[in-house]
Amino acid sequence: MKRLIHVLCILAGSAVLVGADGCSSDPNVEGAKLDLRNKDLDRALENVAKALERDSANAEAHLLKGQILQELFLEEPELADRQAFVKEMREAFGRSVELDSTGAEEVRRRMQAAYTREFYRGIEVYNDAQYVDDGAKREAYERAAGHFRVASLIFPDSTGAYFNEASAYISGGMATRAIAPFEMALQMGSTSRRIFLFLGTIYYQAAEAESDLMLKHRAYERLVYTLEPALELYPRDDELRSMLLNAYSLAGQEDKALTYYQAEVAAGNTNKVFLYNYGTLLLRLNEYDEAIAQLTAATKIDSLYANARFNLGAAYVNKAVAVGAAQVDGSLDVEGPRTRARVGEQFVDLHSERRALFSEAITHLEIARLLTEAEMGSVRNICRALYQAYGWMNERSKAEEVQVCAEL
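Residues numbered from 1 in each chain as written. Predicted model: local features only at pLDDT ≥ 70, side-chain atom pairs only at ≥ 80, totals over all residues. Heavy atoms only, no water.

*Asks:* Even after reading the chapter, I still don't get the overall build of the chain, so can you show me in this structure?
*Replies:* Helix and strand content of the chain: 19 helices and 0 strands. Expressed as a percentage of its 408 residues, the buried residues of the chain come to 42%. Summing over all exposed atoms, the chain offers an accessible surface of approximately 21900 Å²; the carbon and sulfur share of this is 51%. (Helix = DSSP H or I, 4+ residues; strand = E, 2+ residues; numbered from the N terminus. Buried < 20%, exposed > 50% of the residue type's maximum accessible area, 1.4 Å probe, protein only. Areas by Shrake-Rupley, 256 points an atom, 1.4 Å probe, with all protein chains shown as cover.)

Below you can see the structure in the form of structure tokens.
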């Protein structure tokens, strides 16, 4: 009888890869091994639970529990239950290694196998989702995301699983749900440029859709906090740079934007888009002369740059309006004939300056209109600026002509 028991111990140990050096001292552990070999997983869990009730520091029982949960996880079709099994499996395997490090390699191998299987299952489901009917795509991509989420639970420091989960949400039209896994990938140390770009775009879209002004402002601030480290990693990336500088403006942090622009201009690190964005910011801050200088530089690089032409024209219009305001302010306090004569001369000079500014504005706005119409873009705002400039220059026929496209 003793000899028979010894043979059974060897067989059980070799079948489930635990207790290979002999029988466990706990009969429930031996029973759980036999149950696992016979695929009676529920009974195997019951037996190992009894063993752990007697001795919670039984490393062999924890290791065996992890193996049982791994089998349950692989057989479970429901993603929510798969997640639950994975969490328990990690806990059981982790506890077994804490108690006895000799099983660490076995645990690592099993965890890697589980991760790989789940990760590639996610890829299969993702690829299949591209060919299902449109009405079922969202659910299919959501299921793919679920598999990647399970994979990330197995190895929480795996940035690839987080990225793929987020990508599945985006493909399924669930962009806001991609935020959490993208953020987790960054927390785990990912420096992927694509993650910063995706997150930046999603944050911007969420901010634009937000009606609450305080929440909108916070969303823009979050956009800034995300993109600042991105630009440190990719200092010469024009796309990330444009996103961050735009985010500064939207978040009301123009001082940061100006500091950055000034440093880049001084270093000569400029292109037409950079100059356009810089000029647009200056225009928004009513720094018309500087705005005109930067936007002019952009059009010199590309004379067919429609947006730069439009904003350059707008800068001239706004400066002309500002000159008119100064003219009105100067007329409020006039005493004595000499003073009146001097002010009158100034009015003539200001009037000439205004005409010159509006004339310059018209030149750039007309070019912007032609370029935008050629690209089938909207010319409504361009026509409105032209209407104002034509009206001031007393070009009535032209003003009437642009009334239609200005939608006035």
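Let us keep going from here.
*Asks:* Help me out: how do you make sense of the packing of helix 10 (residues 193-209) against helix 12 (residues 238-250) in this one?
*Replies:* Angle between the axes and distance between the axes are the two parameters that describe a pair of packed helices. Close contact between helix 10 and helix 12 brings their axes to 11 Å; oriented N to C, the two are set at 30 degrees. By the angle class used here, helix 10 and helix 12 are roughly parallel. Between helix 10 and helix 12 the crossing geometry is left-handed. Contacts between helix 10 and helix 12 involve Arg193, Phe196, Leu197, Gly200, Thr201 and Tyr204 from the first element and Glu239, Leu240, Met243, Asn246 and Leu250 from the second. The residue makeup of the contact of helix 10 with helix 12, split by class, is 6 nonpolar, 3 polar and 2 charged. (Axes fitted to C-alpha atoms, helices over the stretch in contact; angles between N-to-C directions. Parallel < 35°, antiparallel > 145°, perpendicular 65-115°, else oblique. Left-handed = near helix turned anticlockwise from the far one by under 90°. Contact = heavy atoms within 4.5 Å. Nonpolar A, V, L, I, M, F, W, Y, C, P; charged D, E, K, R; others polar.)

*Asks:* Would you mind showing me how to read the pattern of salt bridges here?
*Replies:* What the rule picks out here adds up to 25 salt bridges. Salt bridges linked by common partners bring Arg236, Asp238, Arg241 and Glu264 together as one network. (Salt bridge = Lys/Arg side-chain N within 4 Å of Asp/Glu carboxyl O.)

*Asks:* What's the story with the packing of aromatic side chains in this structure? I'm lost.
*Replies:* Aromatic rings considered in pairs are described by the distance between their centres and by the relative angle of their planes. Counted by the stated rule, this structure contains 13 aromatic pairs. Note on Tyr276 and Tyr305: the rings are 5.4 Å apart at their centroids and 45 degrees apart in plane angle, and the pair reads as tilted. In this pair, Tyr276 sits in helix 14 (residues 272-284) while Tyr305 sits in the loop between helix 15 (288-301) and helix 16 (306-330), placing the two residues 29 residues apart along the sequence. For Tyr276, a relative accessible area of 16% gives the class buried. Look at Phe358 and Trp392: their rings are 5.1 Å apart centre to centre, the planes differ by 25 degrees, and that puts the pair in the stacked class. A residue pair is termed long-range when its members are at least 10 positions apart, and Phe358 in helix 17 (residues 337-374) and Trp392 in helix 18 (residues 380-392) qualify at 34 residues. Three or more aromatic residues joined by ring pairs make a cluster, and in this case those are Tyr115, Phe119, Tyr120, Phe148 and Phe155. Geometry around Tyr305 places Lys272 over its ring, the cationic atom sitting 5.0 Å from the centre. (Phe/Tyr/Trp six-rings, centres within 6.5 Å; stacked < 30°, edge-to-face > 60°. Lys NZ or Arg CZ within 6 Å of the ring centre and 35° of its normal.)

*Asks:* How should I be thinking about the packing of helix 3 (residues 41-54) against helix 4 (residues 59-75) in this particular structure?
*Replies:* At their nearest, the axes of helix 3 and helix 4 sit 10 Å apart, and the two run at 155 degrees to each other. Our classification of the angle between helix 3 and helix 4 gives roughly antiparallel. The chirality of how helix 3 crosses helix 4 is left-handed. Packed against helix 3, whose contacting residues are Leu41, Asp42, Ala44, Leu45, Val48, Ala51 and Leu52, the element helix 4 presents Ala61, His62, Leu64, Lys65, Ile68, Leu69, Glu71, Leu72 and Glu75 at the interface. Per-class residue counts for the contact of helix 3 with helix 4 are 11 nonpolar, 1 polar and 4 charged.

*Asks:* Teacher, can you tell me more about helix 19 (residues 396-406) here?
*Replies:* In an α-helix, one turn spans 3.6 residues; hence positions three or four apart end up facing the same way. For helix 19, the complete set of buried residues consists of Ala399, Val402, Cys405 and Ala406. Summarising the axial view, the buried residues of helix 19 lie within an arc of 110 degrees, below the 170-degree limit, and thus occupy one face. Turned more than 90 degrees off the buried face of helix 19, the exposed positions are Arg396, Ser397, Glu400 and Val404. (Arc of directions from axis to C-beta.)

*Asks:* Sorry, what's going on with the environment of Gly252 here?
*Replies:* Positionally, Gly252 belongs in the loop between helix 12 and helix 13 (254-267). Residue Gly252 is classed as partly exposed on the basis of its relative accessible area of 48%. Expressed as a C-alpha distance, the spacing of Gly252 and Tyr220, which sit 32 residues apart in the sequence, is 8.8 Å.

*Asks:* Looking at this structure, how should I read the environment of Leu227?
*Replies:* Within the fold, Leu227 resides in helix 11 (residues 213-233). For Leu227 and Met243, which are 16 residues apart along the polypeptide, the C-alpha to C-alpha distance reads 7.6 Å. Beyond its immediate chain neighbours, meaning those up to four positions away, Leu227 contacts Phe196, Gly200, Leu240, Met243, Leu244 and Ala247.

*Asks:* In this structure, what is going on with unusual backbone geometry? I would like to understand it.
*Replies:* Apart from glycine, the bulk of residues carry a negative phi angle, and the bulk of peptide bonds sit in the trans form. Of note, the phi angle at Lys39 is positive, near 65 degrees, even though the residue is not glycine. Considering the arrangement of structural elements, one finds Lys39 in the loop between helix 2 (27-37) and helix 3. Residue Lys39 is classed as exposed on the basis of its relative accessible area, which comes to 51%. Not every positive phi belongs to a glycine, and Asn286 is a case in point at roughly 65 degrees.

*Asks:* Teacher, can you tell me more about the side chain of Ser249 here?
*Replies:* Structurally, Ser249 is set in helix 12. For Ser249, a relative accessible area of 11% translates into the label buried. Within the local environment of Ser249, its side chain forms a polar contact with the side chain of Arg284, the two groups lying 2.9 Å apart. Once you skip the residues sitting within four places of it in the chain, Ser249 turns out to touch Glu254, Leu281 and Arg284. (Polar contact = N/O pair within 3.5 Å; in protein donor to acceptor, adjacent residues only side chain to side chain.)

*Asks:* Looking at this model, I keep getting lost on the state of the cysteines. Mind explaining?
*Replies:* Covalent bonding between the sulfur atoms of two cysteines defines a disulfide. Across all of its chains, the model carries 1 disulfide by this definition. Here Cys383 connects covalently by a disulfide to Cys405, the sulfurs 1.9 Å from one another. Here Cys383 and Cys405 share a disulfide; its torsion about the S-S bond, -105 degrees, makes the bridge left-handed. You can see Cys383 sitting in helix 18 and its partner Cys405 sitting in helix 19, a full 22 residues away along the chain. (Disulfide = S-S within 2.5 Å.)

*Asks:* What's the story with the nonpolar core in this structure? I'm lost.
*Replies:* If you look at soluble globular proteins, the nonpolar side chains tend to sit buried side by side. Ranked by internal contacts, the top residues of the largest apolar core, which has 80 residues, are Phe182, Leu227, Leu240, Leu245, Tyr261, Leu365 and Leu386. Residues in contact with Tyr261, not counting those within four places in the same chain, are Leu245, Phe274, Asn277, Tyr278 and Leu281. Grouped together as the second largest cluster of nonpolar side chains are 31 residues, Leu41, Ala61, Val86 and Met111 included. (Core = buried A, V, L, I, M, F, W, Y, C linked by side-chain atoms within 4.5 Å.)

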